[in-house]
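Structure at a glance
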Amino acid sequence: MQYRSFGKTGIEVSALGFGCMRLPTLSKYEEINEPEAIRMLRHAIDEGVNYIDTAYGYHGGNSEILVGKALQDDYRAKVFVATKLPVWLCNEPADFDRLLNEQLKRLQTNHVDFYLLHSLNKDLWDKVYPMGVLDWAEKALADGRIRHLGFSFHDKFEVFMEILNAYDKWEFTQIQYNILNENEQAGTAGLKAATERELAVVVMEPLLGGKLADPP
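Residues numbered from 1 in each chain as written. Predicted model: local features only at pLDDT ≥ 70, side-chain atom pairs only at ≥ 80, totals over all residues. Heavy atoms only, no water.

Along the backbone of the chain there are seven helices and nine strands. The C-alpha atoms of the chain give a radius of gyration of 17 Å, which matches the 17 Å a tight globule of 216 residues would have. In terms of its C-alpha atoms, the chain occupies a principal-axis envelope of roughly 45 × 40 × 35 Å. Split into buried and exposed, the 216 residues of the chain put 50% on the buried side. Considering only contacts within the chain whose residues lie at least 6 apart along the sequence, 72% involve residues at least 24 apart. Per element, the accessible surface of the chain, about 10,600 Å² overall, is 51% carbon and sulfur. The chain carries 23 positive and 32 negative side-chain charges, and their two centres are separated by 2 Å. (Helix = DSSP H or I, 4+ residues; strand = E, 2+ residues; numbered from the N terminus. Rg over C-alpha atoms; globule rule 2.2 N^0.38 Å. Buried < 20%, exposed > 50% of the residue type's maximum accessible area, 1.4 Å probe, protein only. Contact = heavy atoms within 4.5 Å. Areas by Shrake-Rupley, 256 points an atom, 1.4 Å probe, with all protein chains shown as cover. Lys, Arg positive; Asp, Glu negative; His and termini not counted. Charge placed at Lys NZ, Arg CZ, Asp CG, Glu CD.)

Within the structure shown, the criterion is met by 14 aromatic pairs. Relative to Trp170, the ring of Trp125 lies with its centre 6.3 Å away and its plane at 50°, an arrangement referred to as tilted. One end of the pair, Trp125, is in helix 4 (residues 122–128); the other, Trp170, is in the loop between helix 6 (157–165) and strand 8 (172–176), and 45 residues separate them in sequence. Judged by relative accessible area, Trp125 falls into the buried class, the value being 2%. Within the aromatic cluster, the residues linked to one another by ring pairs are Trp125, Tyr129, Phe151, Phe153, Phe160, Tyr167 and Trp170. Over the aromatic face of Tyr75 sits the side chain of Lys78, whose NZ or CZ is 4.4 Å from the ring centroid. For the cation-ring pair, Arg106 lies above Tyr56, with the distance from its terminal atom to the ring centre recorded as 4.1 Å. (Phe/Tyr/Trp six-rings, centres within 6.5 Å; stacked < 30°, edge-to-face > 60°. Lys NZ or Arg CZ within 6 Å of the ring centre and 35° of its normal.)

Per the counting criterion, the structure on display carries 14 salt bridges. For Glu34, the salt bridge is made with Lys69, and the minimal N-O distance between the two is 3.1 Å. With Glu34 in helix 1 (residues 34–46) and Lys69 in helix 2 (residues 62–70), the pair connects residues that are 35 residues apart, well separated along the chain. For Glu34, a relative accessible area of 30% corresponds to the partly exposed category. Lys69 gets classed as partly exposed once you look at its relative accessible area, which sits at 34%. Here Arg145 ties to Asp97 by a salt bridge, and the two come within 2.7 Å at their closest N and O atoms. Here Arg145 is found in the loop between helix 5 (133–142) and strand 7 (146–153), whereas its partner Asp97 is found in helix 3 (residues 94–107), with 48 residues between them in sequence. With a relative accessible area of 30%, Asp97 lands in the partly exposed category. (Salt bridge = Lys/Arg side-chain N within 4 Å of Asp/Glu carboxyl O.)

Shown next, in the form of structure tokens:
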């Protein structure tokens, strides 16, 4: 496995992470094939993958639970876990703590290595920023429940820059990026703007949800 420096954090992460949005399922998306998903995750970790990405809503809330199960038997110590605050479910500041604590319980861990404000766009940013989400996040960083703060993004480049400029302590961002999306959403311009500030950049949808792989 090849590894990359994760921005200015001093952490080395595997070039390929393991995304847990599309785990093997049984009859429906919410119903994860747990033995197969755990086998896959642990195989990836055994082969050197150390970045595991999930989120509150993936598989109807079951992805975080599955990751928590897969990381038992000493696997948790081998990886960095990324998950995301579902900002659309935050209607008052108390929701920030409530949701993070629920996620820690699901993941069976006392901290999240990489925590993202999930799927930010103009409307969601304008919702949670005035609610003090960044002040809250700094407290969660201080008490150790999260270790590094970032955001994932789905909107225009101009909105990406607004969010990027609003906080000088962002450590990473997650953007959609692939051969068809170089000029969509944050795009190449956002990638360059983030790296110029020494933020790590995590790429989502490198194969556009599989569309670039079937057929190849």
